[in-house]
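Fold and contact review
So you can see what is in the structure, the chains are spelled out below.
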Amino acid sequence: MPITDAHVGRTYPPTAPYEVSAAKIVEFAAALSDDNPAYAGDAPTAPPTFVAVIGAAAWDALFADTELDLSLQRVVHADQSFVWHRPLRTGDVVTGVLSIDKVRCRGAMEIVGVTVRLRTLDGEPVADSSSTFIHTRAS
Amino acid sequence: MTVMDVAVGTRIGELTVSLTRARLVRYAGASTDFNPIHWSDRAAAALGLDGVIAHGMLTMGTALRVVTDWVGDPAAVRRYSARFTRPVVVPDDDLGVEVHCVGTVSAADEDTVTVTIVVRCRDEVVLGAVTAVVSRGDLP
């Protein structure tokens, strides 16, 4: 049975702890062609949208949930909103917890809203990433 | 002009970047978003797209440089949101496609400055309602 609004509120276990490294920050900033000096040096700050790296890991739970029957390759991102409680920095160890916020089904299209909450292992809030995506179910 | 004395309507900066297939592959690896619609024409066509499209997060992350180049310290960014209104189709050639971003101050109060960014590709707006809120408290 595919995803329905009955799945709103479903929350997945935290992702495996992710340690932010200087090397990954450099890689991510280079992918954005962003030469801001904050992203260089021994202990760089992560670019704000680096949160998407942990977000992607949290999304895995959604596509692994066979009850929802969602396929990543049939997904297009529709909107995105971030709130940062503090910047993500080298050495931070964080997890992401994904919750399903909304589901609307229109024919073959399923419009799904999710939020990933990033926290340190001590529970300190780092960022919240809310996304809406459109999943087009194969006929 | 400093961020502190900025007025609503002030244009803070602009940026033009070329998005190529190579850049999409690089962003896929860096972000770990391996959705094949960002590298396979076949997967893109299966969703009715005109070809491989850029990750929305690549376009959105790129556009934020208008703000972080202006404030200097990326830690000042507190909120950032956008709607992906039109897909950015990236051709399989060496030139790619240009994305143009212009940032303007749309609100300011004692604590924060809000910047609205207009993001265009092929003369069309591709991201909608692109707003970033920066904290004045973090600024030098």
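Residues numbered from 1 in each chain as written. Chains lettered and ligands numbered in written order. Predicted model: local features only at pLDDT ≥ 70, side-chain atom pairs only at ≥ 80, totals over all residues.

Moving on to the overall build of chain A. The helix and strand inventory of chain A stands at two helices and five strands. Burial status across chain A gives 38% buried among its 139 residues. In chain A, the share of contacts with a sequence separation of at least 24, taken over all contacts with a separation of at least 6, comes to 68%. (Helix = DSSP H or I, 4+ residues; strand = E, 2+ residues; numbered from the N terminus. Buried ≥ 20, exposed ≤ 12 C-beta atoms within 10 Å, placed from the backbone. Contact = placed C-beta atoms within 7 Å.)

Moving on: the interface of chain B and chain A. Across the contact, 31 residues belong to chain B and 30 residues belong to chain A. Elements represented by at least two residues in the side of chain B that touches chain A include exactly helix 1 (21-31), helix 3 (56-63), helix 4 (65-71) and strand 2 (77-84) of chain B. The greatest single-element share of the side of chain B that touches chain A, amounting to eight residues, is contributed by strand 2 of chain B. Here the residues of the side of chain B that touches chain A sort into 16 nonpolar, eight polar and seven charged. The pairing of strand 2 (residues 75-84) of chain A with strand 2 of chain B spans five bridges and is antiparallel. Paired with Asp79(A) across the strands is Arg83(B), a residue of strand 2 of chain B. (Nonpolar A, V, L, I, M, F, W, Y, C, P; charged D, E, K, R; others polar. Pairing = 2+ DSSP bridges.)

Here the focus is helix 1 of chain B. For helix 1 of chain B, the full list of buried residues reads Arg23(B), Leu24(B), Tyr27(B), Ala30(B) and Ser31(B). Buried residues in helix 1 of chain B, looked at end-on, bunch into an arc of 130°, giving them a common side. For helix 1 of chain B, the elements touching its buried residues are helix 1 (22-31) and helix 2 (51-64) of chain A together with strand 1 (11-19) and helix 3 of chain B. Thr32(B) lies just past helix 1 of chain B and shows a positive phi near 65°. (Arc of directions from axis to C-beta.)

Across the sheet, which stays open at both edges, the 10 strands sit in the order 1(A)-3(A)-4(A)-5(A)-2(A)-2(B)-5(B)-4(B)-3(B)-1(B) with antiparallel pairing between neighbours. The sheet terminates laterally at strand 1 (18-19) of chain A together with strand 1 of chain B, the two strands that pair on one side only. Relative to strand 5 (residues 125-136) of chain A, strand 2 of chain A runs antiparallel, the two sharing nine bridges. From the neighbouring strand, Trp84(A) faces strand 5 of chain A, where its bridge partner is Ala127(A). Along the sheet, helix 2 of chain A contacts strand 1, strand 2, strand 3 (93-106), strand 4 (109-120) and strand 5 of chain A; its crossing angle with strand 3 of chain A, the most-contacted strand, is approximately 60°. (Axes fitted to C-alpha atoms, helices over the stretch in contact; angles between N-to-C directions.)

A word on the packing of helix 1 of chain A against helix 1 of chain B. Packing of helix 1 of chain A against helix 1 of chain B leaves a shortest axis separation of 9 Å and a crossing angle of 150°. In terms of their interaxial angle, helix 1 of chain A and helix 1 of chain B are classed as roughly antiparallel. Crossing geometry of helix 1 of chain A relative to helix 1 of chain B is assigned as left-handed. Listed contacts from helix 1 of chain B to Glu27(A), Phe28(A) and Ala31(A) of helix 1 of chain A are Arg26(B), Tyr27(B) and Ala30(B). For the contact of helix 1 of chain A with helix 1 of chain B, a count of residues per class yields four nonpolar, no polar and two charged. (Parallel < 35°, antiparallel > 145°, perpendicular 65-115°, else oblique. Left-handed = near helix turned anticlockwise from the far one by under 90°.)

For the rest of this paragraph, the subject is the pairing of strand 5 (residues 124-135) of chain B. Residues and elements named next belong to chain B. Alignment of strand 2 against strand 5, held across six bridges, turns out to be antiparallel. Across the sheet, residue Arg79 finds its bridge partner in strand 5, namely Val133. Bridge analysis of strand 4 (residues 112-121) against strand 5 gives nine bridges, and the strand direction is antiparallel. Paired with Val115 across the bridge in strand 5 is Ala132. Here strand 4 hands over to strand 5 after two residues, with Arg122 in that stretch at a positive phi of 50°.

By the element assignment, Asp123(B) lies in the loop between strand 4 and strand 5. Spatially, the C-alpha atom of Asp123(B) lies 9.2 Å from that of His100(B), the residues being 23 residues apart in sequence.

In low-pLDDT regions, the fine details of the predicted coordinates are not to be read closely. Taken as a whole, chain B shows an average pLDDT of 94; of its residues, 95% reach a score of 70 or greater. Taken over the whole predicted complex, pTM reads 0.95, whereas the ipTM for its chain interfaces reads 0.96. (pLDDT = per-residue confidence, 0-100.)

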